[in-house]
Amino acid sequence: MMLFEANRKTVLAAFLLWFFLGLFGAHNFYLGRTGVAVAQLILSITIIGMLITIVWAIVDAFLIPGWVRQQKQPARAQLGA
């Protein structure tokens, strides 16, 4: 149970990171999606990349709850076993 609590990711924290630092991929770093986060960070350095990242971040807003569920799934399975 302590392992689950230590690795727990919340939708609220992910959305707060998305809202304030979403263009830089902070919510993806939080959710353990480091490759995607680095890509967003690199793209947001340029003007054209920033336009792509804006659209990308809007799409991410709809996908965050599913990603948080995916993060919780292994811990839940481990607790059930």
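We now turn to the structure provided with this report. (Residues numbered from 1 in each chain as written. Predicted model: local features only at pLDDT ≥ 70, side-chain atom pairs only at ≥ 80, totals over all residues. Heavy atoms only, no water.)

### As for the overall build of the chain
Looking only at helices and strands, the chain has 5 helices and 0 strands in total. In the chain, the succession of α and β elements from N to C terminus is α-α-α-α-α. A total of 81 residues make up the chain; the buried ones form 26% of that total. Of the contacts made within the chain by residues no fewer than 6 positions apart, 47% connect residues no fewer than 24 positions apart. Carbon and sulfur atoms make up 75% of the accessible area of the chain, which totals about 5400 Å². (Helix = DSSP H or I, 4+ residues; strand = E, 2+ residues; numbered from the N terminus. Buried < 20%, exposed > 50% of the residue type's maximum accessible area, 1.4 Å probe, protein only. Contact = heavy atoms within 4.5 Å. Areas by Shrake-Rupley, 256 points an atom, 1.4 Å probe, with all protein chains shown as cover.)

### Concerning the environment of Ile-52
The topology assignment puts Ile-52 in helix α5 (residues 47–80). A sequence separation of 29 residues divides Ile-52 from Leu-23, and the C-alpha atoms of the two residues are 9.7 Å apart.

### Looking at the nonpolar core
Formed by Ala-14, Leu-31, Ile-64, Trp-67 and Val-68, the largest nonpolar core amounts to 5 residues. Considering every element that reaches this core, the biggest residue donor is α5, with 3 residues. In this structure, Ala-14 is in contact with His-27, Tyr-30, Leu-31, Ile-64 and Val-68, ignoring residues within four places of it in sequence. (Core = buried A, V, L, I, M, F, W, Y, C linked by side-chain atoms within 4.5 Å.)

### Brief notes about a nonpolar patch on the surface
A contiguous nonpolar surface patch, about 1000 Å² in accessible area, is contributed by Leu-12, Leu-16, Phe-19, Phe-20, Leu-21, Phe-24, Phe-29, Val-38, Leu-41 and Ile-42. Sorting the residues of the nonpolar patch by element identifies α2 (11–21) and α4 (34–43) as the ones contributing at least two each. Per-element accounting of the nonpolar patch gives the leading share, 5 residues, to α2. By secondary structure assignment, the location of Phe-20 is in helix α2. Classification of Phe-20 as exposed rests on a relative accessible area of 62%. (Patch = residues over 30% accessible without salt bridge, like charges linked within 9 Å, V, L, I, M, F, W, Y side chains within 5 Å. Salt bridge = Lys/Arg side-chain N within 4 Å of Asp/Glu carboxyl O.)

These results come straight from atomic positions and should not be treated as a statement about function.
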